[in-house]
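Coordinates in review
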Amino acid sequence: MADRISFEAPRGMRDFYPEDMTWRNKVFGAFRASAEAYGFEPYDACVVESYDLLARKAGEEVGEQIYHFYDKSERHLALRAEMTPTLARMVAQRQKELRFPLKWTTIAQCFRYERMTKGRKREHYQWNLDIIGEDSVLAEAEVIGAAVDALLRMGLGRGDFKVHVSSRKFLGGLLEKSGIAPELHAQVFLALDKRGKMPDSEIAAMMKDGGLSDADVTAAFAIMDTKDCSGCAELEELFSLAQTAGFADCLEFDISVIRGLSYYTGVVFECFDTKGEFRAIFGGGRYDNLLTTIGGEPTSAVGLGFGDVVVTELLKVRLGSDAAAEKKGVAVGFMFQEQRDAAVRLAARLRADGEIVDLALRPQKPKKFFSHADQSRAAKAVFLGPDDVERGVARIKDMATRKEKEVVL
Ligand code: HAM
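Residues numbered from 1 in each chain as written. Predicted model: local features only at pLDDT ≥ 70, side-chain atom pairs only at ≥ 80, totals over all residues. Heavy atoms only, no water.

**Considerations on the pattern of salt bridges**
Under the counting rule described, the total for this entry stands at 23 salt bridges. Of the charged contacts in the structure, one is a salt bridge between Asp273 and Arg318, with a shortest N-O distance of 4.0 Å. Of this pair, Asp273 sits in strand E9 (residues 267-273) while Arg318 sits in helix H12 (residues 308-319), and the two are 45 residues apart along the sequence. By relative accessible area, which is 3% here, Asp273 ends up buried. When salt bridges that share partners are traced, they join Asp160, Asp273, Glu277 and Arg318 into one network. (Salt bridge = Lys/Arg side-chain N within 4 Å of Asp/Glu carboxyl O. Helix = DSSP H or I, 4+ residues; strand = E, 2+ residues; numbered from the N terminus. Buried < 20%, exposed > 50% of the residue type's maximum accessible area, 1.4 Å probe, protein only.)

**Things to note about the sheet that holds strand E2 (residues 48-50)**
Read across the open sheet, the 3 strands follow the order E2-E4-E3; overall the sheet is antiparallel. Only two strands of the sheet have a single neighbouring strand rather than two, namely E2 and strand E3 (68-70). Strand-to-strand, the axes of this sheet are offset by a mean angle of 40°, without reference to chain direction. Inspection of the sheet shows E3 paired to strand E4 (residues 76-79) by 3 bridges, in the antiparallel sense. Considered in E4, the bridge of His68 is made with Ala78. (Pairing = 2+ DSSP bridges. Axes fitted to C-alpha atoms, helices over the stretch in contact; angles between N-to-C directions.)

**Comments concerning unusual backbone geometry**
Of the consecutive residues Phe100 and Pro101, the connecting peptide bond is found in the cis state with omega at -5°. With respect to the helices and strands, Pro101 occurs in the loop between helix H4 (84-93) and strand E5 (102-111). Phi is positive for Glu74, which is not a glycine, with a value near 65°. In this structure, Glu74 sits in the loop between E3 and E4. Judged by relative accessible area, which is 60%, Glu74 ranks as exposed. For Arg377, which is not a glycine, the phi torsion comes out positive at approximately 60°.

**Regarding the sheet that holds E5**
Read from one edge of the open sheet, 8 strands run E1-E5-E6-E11-E10-E9-E7-E8, paired in mixed fashion. The open sheet terminates on both sides in strands that have one partner only, identified here as strand E1 (41-42) and strand E8 (251-253). The sheet contact formed by E1 and E5 spans 2 bridges and is parallel. Pairing of Pro42 across the sheet is with Thr105, part of E5.

No statement about biological role is implied by the geometric values presented.
Encoded structure:
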């Protein structure tokens, strides 16, 4: 007997059955609509990148999670874990020709060998919004505003989520004031970002390994109690712009937002559900040095990544698990083989009128046809029997109201 292979997708990878696609389409639809409403241009790239571009300094979580392999010519390649390095490469390659500031968007499939938890898979789609070549904090306001807009389009209420904002510059200033040298800040950011995910004792050990004294570690933890960002010009301006644009109620200052990726330089933010049940919905910030790091000209940049996994889980809980499937189109069926041509003609005519038509492929009993039409979420249904065809009329039934309307065949 031949060996059966497993029917399951590899661990952490996702199959999308039609009912999953209705959710994916709903979420992607909101991503695309918001990007367009905010004037972002779509771009794309291959999911395979060179490993060297994606891999970063030791200690960074994402760097350790990269799926990588050698091709037959011994090129070291990887599946992208995020889009940002690829975006930086694409911009650097055409830096002389491109007109800045540029606003680009994509929905990128990303792979990370993560420990599997709620909201974290080994494969996810990530909506990216980036503005390259703009120093003004209005760039931050626009990307956050667009992401908030997408959440509202998906059907969430303003009270369902909050964007937590901070600034690495502000935090760096506070660290420096308490005597922690700037060259140690990257290590402190990396360690403090782990708060809540590992015990404080381990975080303290990470900081000491990075060269901090006991007094420095105590000071760093004390700074994490900061509740007020007044005096930080970029955050004050961001809150004021959010007020003007109408989404200040969705924003709050939170010193504990640091972000795990090392390229962020200024404002950083992360969005969470207000009940605190899920992982981060989206995250991003300013990364003014990434282009120079990979060999491009110095350029400021701001952006965010918004995954499909967490938001879909949140939507299913808040809106109900079949909220994505809308009733649409007309189901057309027939009782006997003799009515098949009339059904085909009717389907052709309805499609020519712009209707979505699901034509039955074989004769059916009316009961079976209507129950299938219900399940397939048709908005309307027409069933042709011998009498209908003889009389030259058919009845279109509205599946929600059960009302019928006659049409001439
Ligand atoms: P990130 O925080 O690593 O940032 O990921 C952004 C978002 O992608 C997360 O908030 C989450 O929604 C989703 N995400 C990440 N990993 C997973 C996973 N394993 N499973 C499901 N969802 C996941 C970045 O990737 C930055 N490159 C974002 C960015 C763009 N910054 C500037 N521009």
